[in-house]
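Tertiary structure, described
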Amino acid sequence: MADGLLRWALVVWYAVLGDDLMSTRMEAAKPKPKSKSKPRRINDSLSAIKDADFGYAQARHLLLRAGFGGSDEQIRTLARWGVERAVDYLVDFEEISGQADEADSFDKNIIRPITREERKRFTKARETGDEDTVALFRNERQRRQREDRRQMREIQRAWLTKMVETPRPLEEKMTLFWHGHFATSYRNVEDSYHMYEQNRMLRKHSMGNFRDLLLGIVRDPAMLKFLNNNQNRKNSPNENLGRELLELFSLGEGHYSENDIKESARALTGYTFVDNKFSFNKRQHDGGSKRVLGQTGNFDGNDLVDVILTQQACAMFIVLKLYRFFVRDVPMDLSAMDIGTRRVIVKLTNLFRATGYEIRPVIRKMLLSRHFYDPANIGTKIKSPSELLIGSVRSLKVPVRDMGIVSDAMELMGQSLFLPPSVKGWDGGRSWINTSTMFVRQNTLIYLLTGVLPTRPLMFKEQSHFDALALVPSLNTATETHASDEQIVRELSMLTLGDAQESVIRTVLRGARVDEDEGALRKNEGAVRALVLLTSMPEYQLC
Amino acid sequence: MSHHLNPSDAKAYTRRDFLQGSAKYSALFASAAVTVPAFLQSSAFALPGPAMGLSSIAGVDEDRILVVIQLSGGNDGLNTLVPFGDDGYHRVRPGIGLSGDDVLRLDRNGGLGLHGSMGGFKELYDDGLCAIVQGVGYPNPNRSHFASMDIWHTADTNGTGDGWIGKYVDAQCDGVGKGKGKGGAGGSGAVVMPPPPIAIGRTAPLALHGREMMPVAIESADMYQWTGDKFGKELNEAYLRSIQENDERAKAALLDDNKSFLVRTAMDAQISSRKIRKAVETESLVRYPNSTLGNQLSMVASMIRAGMKTRVFYVSHGSFDTHANQGGAQGSHARLLGQLSEAVGAFYKDLKAQENDGKVLSMCFSEFGRRVGQNGSGGTDHGTAAPMFLFGPMVEPGLHSRYPSLTNLDAGDLKYTADFRQVYAEVLDEWLSASSRAVLGRGYSHLRVLRKS
């Protein structure tokens with residue numbers, strides 16, 4: 001009791017005596033240096049953080065995690081609003097009018113099944129050795145495949161553009177999460193329109209009910225093709241979707257048996273697609289009695305989903321994945337994590353179950369919580385390629401210059417949209433980082449800031465004036481527009497790294513000033529050099 | 001408090017200092033090594049010299065390297081290892097078949113020869129440095145490029161899961177293997193992180209992808225560097241000094257958080273980038289053919305010569321998808337084989353000159369072979385089994401397994417006589433001292449393509 005009072009007294013003392021209230025709050029938010037004594041236990045409270053504790057650093061953290069980061073004005077605005085209004089604004093994004101749905105901008109007929117008439121002609125040509133016609137068919141197929149690959153690239157860039165421009169960043173973050181969770185790759189689907197439709201379905205339910213997502217995914221043409229469920233038939237079952245549904249999409253390893261997989265596969269027989277739409281092939285469906293996860297019935301795919309949702313393991317599995325994506329990279333195994341985090345996961349799991357698998361309340365609770373703003377969770381997560389690039393464009397307002405190059409960079413960094421490396425999605429965390437991806441991360445930022453690439457000169461169409469000085473608050477207030485070089489670097493450091501350590505400021509002043517002249521950073525070129533240094537710092541890879 | 005160099009200090013830091021002053025670090029990170037976990041730091045500093053094995057598995061010959069050469073698109077095995085003595089071959093390949101004069105004969109009476117353009121391979125074969133495994137495939141062959149390539153990459157007939165080399169690296173990270181892996185340097189009980197595999201190209205193929213670390217992809221020495229280098233001396237030095245200071249601080253405090261990991265990687269990147277660029281600039285000991293594969297293997301040889309501790313390199317050549325106008329003794333296929341053969345020949349000459357040939361096993365494969373009969377466009381369509389080639393003084397030279405029958409076919413395709421996972425298993429067990437069972441999920445009998453050591 002006395003201990004608690006003493007701790008409270010110390011907090012008040014620091015708060016009152018800190019030179020700059022803002023910086024003290026930031027100080028409190030910085031992760032403490034690791035000591036050799038017993039590690040501090042993480043704040044495991046899911047109660048909302050107090051507004052008094054929700055300052056610049058916390059608002060910045062919220063924007064980075066619930067979106068792709070924000071500009072200085074956006075961070076200050078959210079800090080001013082207080083945590084509840086800030087979180088509501090991000091989480092209740094339906095209230096913000098979004099962008100038009102581009103459903104009709106993409107061609108659904110590039111890849112289409114061969115017609116009966118065509119099949120007759122092709123078969124005849126092969127039988128009669130009519131090589132010319134056979135070649136014609138092959139060329140036509142290859143032409144369509146090339147055209148479809150081109151459309152896939154277009155759809156990739158459209159999503160990247162959406163992430164850059166959207167006023168609803170959490171919606172795109174959630175869609176990206178589900179894309180990694182229900183990982184489907186164009187490489188095997190080979191139909192860009194199907195991939196696009198899956199993306200729309202994931203977005204539609206991204207913050208809704210998990211049941212709708214499971215139902216959506218077992219009826220999704222891209223997924224059905226990807227996991228060969230179109231070949232899952234009554235007398236020749238294919239277990240691929242059945243297995244991954246349990247192992248990767250809902251329960252996780254260890255919470256089902258091989259028999260559950262077999263029976264799940266039976267429940268999913270006949271689930272296929274025709275003409276870009278889900279189709280239930282009744283003839284191919286095994287309508288018999290099945291025993292799955294302890295329940296018996298003539299289950300079809302929909303029933304299977306409901307059976308899965310009765311399992312305790314389901315809610316926890318999804319909460320763990322959401323936690324790893326939004327908060328911290330913890331093991332997928334409760335017993336392997338610290339007590340505080342374990343408590344948080346359990347509480348969120350109970351909430352998820354209690355609301356009947358509604359996603360929004362869980363996200364809201366997470367983003368409001370003291371746990372979320374614990375120093376151990378701020379600035380300690382490695383940015384995914386999308387968070388790095390989209391985040392930089394949104395918070396630094398750098399010109400994109402060429403979305404093709406940005407898309408290319410995403411691939412080189414290991415996060416090609418619509419092309420996850422496997423059905424397990426993207427692991428994230430340290431697995432994003434090695435020496436070559438580190439270069440790509442740094443160099444792509446340099447490209448956005450300056451247009452310079454490692455091996456080729458800047459192309460005319462990529463030239464764009466980037467106003468780096470516009471990012472410096474001190475130079476852009478209505479009153480005083482004069483600031484020292486040091487002040488400018490301090491503010492750019494706050495924006496990029498979330499703090500302004502003396503060693504960093506010294507490094508940037510040294511590196512950004514040519515010929516040691518004071519005032520170099522008041523020129524745009526100097527400010528750009530400062531940003532080149534700041535974004536090349538390893539800390540810039542953290543959020 | 002923080003250490004920092006006072007700019008007016010007489011021993012002020014210069015770029016040269018960075019490279020030399022960090023000599024003790026460059027010995028530690030003399031490769032594109034992955035970060036060393038904090039708990040290993042103290043034991044690492046306690047032991048002197050390269051025996052520290054920071055970048056390799058203790059107890060295992062740390063110099064062994066595997067180079068995987070992928071022939072993309074489906075190489076026509078029948079016109080590579082040619083059964084020119086078999087009438088059945090000539091009957092179904094009237095246009096593109098090779099005669100006895102078009103091949104480099106491998107045996108006096110068997111009627112087998114290498115495609116005439118493969119002088120490089122023939123030389124290696126004659127020198128006892130080439131093992132050819134005939135008829136390599138797998139059950140229920142898949143004739144789709146992506147699907148079959150995935151199968152070879154994952155060593156899983158479902159084509160799902162992580163890459164086989166990725167799984168090998170993961171197993172090393174977990175300390176599973178035949179070496180004293182679990183002991184680590186100094187027997188601290190910690191596991192030594194192996195260096196990541198390196199693919200020469202834009203992105204690393206699925207085969208290299210595991211859970212623990214992302215494989216490094218190096219397109220060229222030019223691309224593998226920080227563009228900040230272009231912004232002048234001051235910016236450069238400021239950056240380098242900053243990461244070096246941060247790295248020292250992290251090491252002193254035994255930190256292993258994400259920030260230290262990033263700093264360490266940034267350091268490794270700078271050091272390995274300089275090392276690779278320097279290595280590539282050094283004139284190679286032999287002349288390489290000016291083909292993409294020649295350039296890739298030249299890069300690999302430079303890196304080996306520079307002493308990089310990377311254990312697995314991956315290069316590719318192609319496209320071998322010769323559906324039309326494949327040609328026979330001359331033509332597009334002949335050209336591809338010629339480039340392959342010249343590049344590998346130069347590679348081993350280079351390694352021999354470096355005295356590193358004994359350390360490097362190369363393995364050459366394709367995702368499927370092609371059909372026995374030619375098609376109507378002077379080419380061949382997707383098939384099944386095909387030969388695999390292994391190179392190096394450690395191979396058991398000559399022909400292995402059986403040439404598939406040209407008459408007893410599987411819907412017009414060759415039936416495989418050796419499972420590719422048998423080759424993988426032997427390479428894992430005997431060359432890389434790993435546990436093939438742990439990596440591949442089960443045991444496969446070895447074909448004895450490697451010499452007993």
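Residues numbered from 1 in each chain as written. Chains lettered and ligands numbered in written order. Predicted model: local features only at pLDDT ≥ 70, side-chain atom pairs only at ≥ 80, totals over all residues.

1. Overview of the overall build of chain B
Our working definition: Secondary structure is summarised from DSSP: a helix means a run of H or I of at least four residues, a strand means a run of E of at least two, and numbering begins at the N terminus for each. Exposure criterion: with C-beta atoms placed from backbone coordinates, a residue whose C-beta has 20 or more other C-beta atoms within 10 Å is buried, one with 12 or fewer is exposed, and one in between is partly exposed. We call two residues in contact when the distance between their C-beta atoms, placed using the backbone, is within 7 Å.
Counting its secondary structure elements, chain B contains 13 helices and twelve strands. Across the 453 residues of chain B, 55% fall into the buried class. Within chain B, residue pairs in contact and separated by at least 24 positions form 72% of the contacts whose partners lie at least 6 positions apart.

2. Description of the overall build of chain A
Within chain A, the secondary structure is distributed over 24 helices and four strands. Looking at the 543 residues of chain A, the share that counts as buried comes to 46%. Taking as baseline every contact in chain A between residues at least 6 positions apart, the subset at least 24 positions apart corresponds to 70%.

3. Let's talk about the sheet that holds strand β2 (residues 81–82) of chain B
Residue and element names in this part refer to chain B. What counts, and what does not: In this scheme, strands are said to pair when DSSP sees at least two bridges between them.
If you walk across this open sheet you meet the three strands as β2-β4-β3, and the pairing is antiparallel. Of all the strands in the sheet, just β2 and β3 (103–105) have a single pairing partner and so form its edges. Bridging between β3 and strand β4 (residues 113–115) involves three bridges; their strand directions are antiparallel. Following the sheet pairing, Val103 is matched in β4 by His115.

4. Regarding the pairing of strand β10 (residues 386–391) of chain B
Here is the key point about a regular strand: its side chains alternate between the two faces of the sheet. Residue and element names in this part refer to chain B. Among the six residues that make up β10, six are buried, leaving the element largely enclosed by the rest of the structure. Across five bridges, the pairing between strand β5 (residues 130–137) and β10 is antiparallel. Looking at β10, one finds that Val133 is bridged to Met388. Sheet topology places strand β9 (residues 360–366) next to β10; three bridges connect them, and they run antiparallel. Counterpart to Ser362 in the pairing with β10 is Phe391.

5. A few points about helix α5 (residues 83–91) of chain A
Residues and elements named next belong to chain A. Selection criterion: Directions drawn from the helix axis to the C-beta atoms are what define this arc.
Within α5, the full set of buried residues consists of Val83, Ala86, Val87, Leu90 and Val91. Buried residues of α5 fall within an arc of 120 degrees about the axis and therefore sit on the same side. Residues of α5 that are buried sit in contact with α3 (56–65), α4 (72–81), α8 (169–181) and α18 (359–368).

6. So, the pairing of strand β1 (residues 65–72) of chain B
All names here are of chain B. In terms of burial, β1 is a largely internal element, seven of the eight residues being buried. Both β1 and β9 contribute to a ladder of seven bridges, which runs parallel. Note on β9: the bridge partner recorded for Gln70 is Phe365. Of the pairings in the sheet, the one linking β1 to strand β8 (residues 312–318) comprises seven bridges and is parallel in character. Directly across from Leu71, in β8, lies its bridge partner His317.

7. Some words on the confidence of the model for chain B
Residues and elements named next belong to chain B. Applicable threshold: Across the chain, each position has a pLDDT score giving the predictor's confidence in that residue, from 0 to 100.
Looking at chain B, the pLDDT average stands at 82 and 82% of residues meet or exceed 70. A low-confidence stretch, residues 178–191 (pLDDT under 50), is modelled with 47 contacts involving residues beyond four sequence positions or located in other chains. Prediction confidence for the complex, expressed as pTM and ipTM, is 0.83 and 0.89 respectively.

8. Description of the interface of chain A and chain B
Formally: Charged residues are taken to be Asp, Glu, Lys and Arg, nonpolar residues to be Ala, Val, Leu, Ile, Met, Phe, Trp, Tyr, Cys and Pro, and polar residues to be all remaining types, Gly included.
Listed by partner, the interface residues are 46 residues for chain A and 48 residues for chain B. At the level of secondary structure, the elements contributing two or more residues to the side of chain A that touches chain B comprise α7 (131–165), α9 (186–189), α20 (403–412), α21 (435–450), α23 (502–512) and α24 (524–536) of chain A. Its residues assigned to classes, the side of chain A that touches chain B shows 18 nonpolar, 18 polar and ten charged.

9. Focus: the domain arrangement of chain A
All names here are of chain A. Here is the rule we go by: Boundaries of every domain are those given by an automatic assignment or by a domain database.
Split by domain assignment, chain A resolves into domain 1 (382–465) and domain 2 (468–541). Computed over C-alpha atoms only, the centres of domain 1 and domain 2 are separated by 22 Å. Each partner contributes to the interface: domain 1 provides 13 residues, whereas domain 2 provides eight residues. If you list the elements that add at least two residues to the side of domain 1 that touches domain 2, you get α19 (385–396) and α21. Among the elements that take part in the side of domain 1 that touches domain 2, α21 stands out by supplying six residues, more than any other.

10. Some words on the packing of helix α5 (residues 119–126) of chain B against helix α11 (residues 332–354) of chain B
Residues and elements named next belong to chain B. As a reminder, the rule being used: In this analysis, axes come from line fits to C-alpha atoms, helices being fitted only over the stretch in contact, and the angle between any two N-to-C directions falls in the range 0 to 180 degrees. For classification purposes, an angle smaller than 35 degrees is called roughly parallel, one larger than 145 roughly antiparallel, one from 65 to 115 roughly perpendicular, and anything else oblique.
The interhelical angle for the contact between α5 and α11, taken along N-to-C directions, is 45 degrees, at an axis separation of 6 Å. Here α5 lies oblique to α11, going by the angle between them. Of α11, the residues touching α5 (which contributes Gly119, Gly120, Phe121, Glu123 and Leu124) are Ser341, Glu342, Val344, Gly345 and Tyr348. Here the residues of the contact of α5 with α11 are counted per class, giving four nonpolar, four polar and two charged.

11. Some details on unusual backbone geometry
Residues and elements named next belong to chain B. In this structure, Ser319 follows Gly318 across a cis peptide bond, with omega equal to 10 degrees. Position of Ser319 relative to the elements: it lies in the loop between β8 and α11. With a phi close to 65 degrees, Glu355 is a non-glycine residue in the positive phi region. With respect to the helices and strands, Glu355 occurs in the loop between α11 and β9. Residue classification places Glu355 among the exposed positions, given that 9 C-beta atoms sit within 10 Å.

12. Overview of the confidence of the model for chain A
Looking at chain A as a whole, the pLDDT averages 89, with 90% of positions reaching at least 70. Across residues 6–30 of chain A the pLDDT falls below 50, and counting only partners more than four positions away or on other chains, this stretch makes 18 contacts in the model.

13. Quick notes on the environment of Gln330 of chain B
Residues and elements named next belong to chain B. Its place among the elements puts Gln330 in the loop between β8 and α11. Given 12 C-beta atoms within 10 Å, Gln330 falls into the exposed group. Along the sequence, Gln330 and Lys352 sit 22 residues apart, while their C-alpha atoms lie 31 Å from each other.

14. Let's talk about the environment of Tyr196 of chain A
All names here are of chain A. Here Tyr196 lies in helix α10 (residues 192–204). Expressed as a C-alpha distance, the spacing of Tyr196 and Ile110, which sit 86 residues apart in the sequence, is 13 Å. For Tyr196, the contacting residues outside a window of four places in its chain are Phe106 and Ile155.

15. Remarks on the packing of helix α11 (residues 210–218) of chain A against helix α15 (residues 301–309) of chain A
Packed helices, taken two at a time, are described by the angle between their axes plus the distance between the axes. Residues and elements named next belong to chain A. Spelled out, the test is: Rotating anticlockwise by less than a right angle from the far helix to the near helix defines a left-handed crossing, while the corresponding clockwise rotation defines a right-handed one.
Packing of α11 against α15 brings their axes to within 10 Å, and their N-to-C directions diverge by 145 degrees. Where α11 crosses over α15, the two elements pack in a sense that is right-handed. On α15, the residues that touch Arg211, Leu214, Leu215 and Val218 of α11 are Gly301, Asn302, Val305, Ile308 and Leu309. Of the residues that constitute the contact of α11 with α15, the class distribution is six nonpolar, two polar and one charged.

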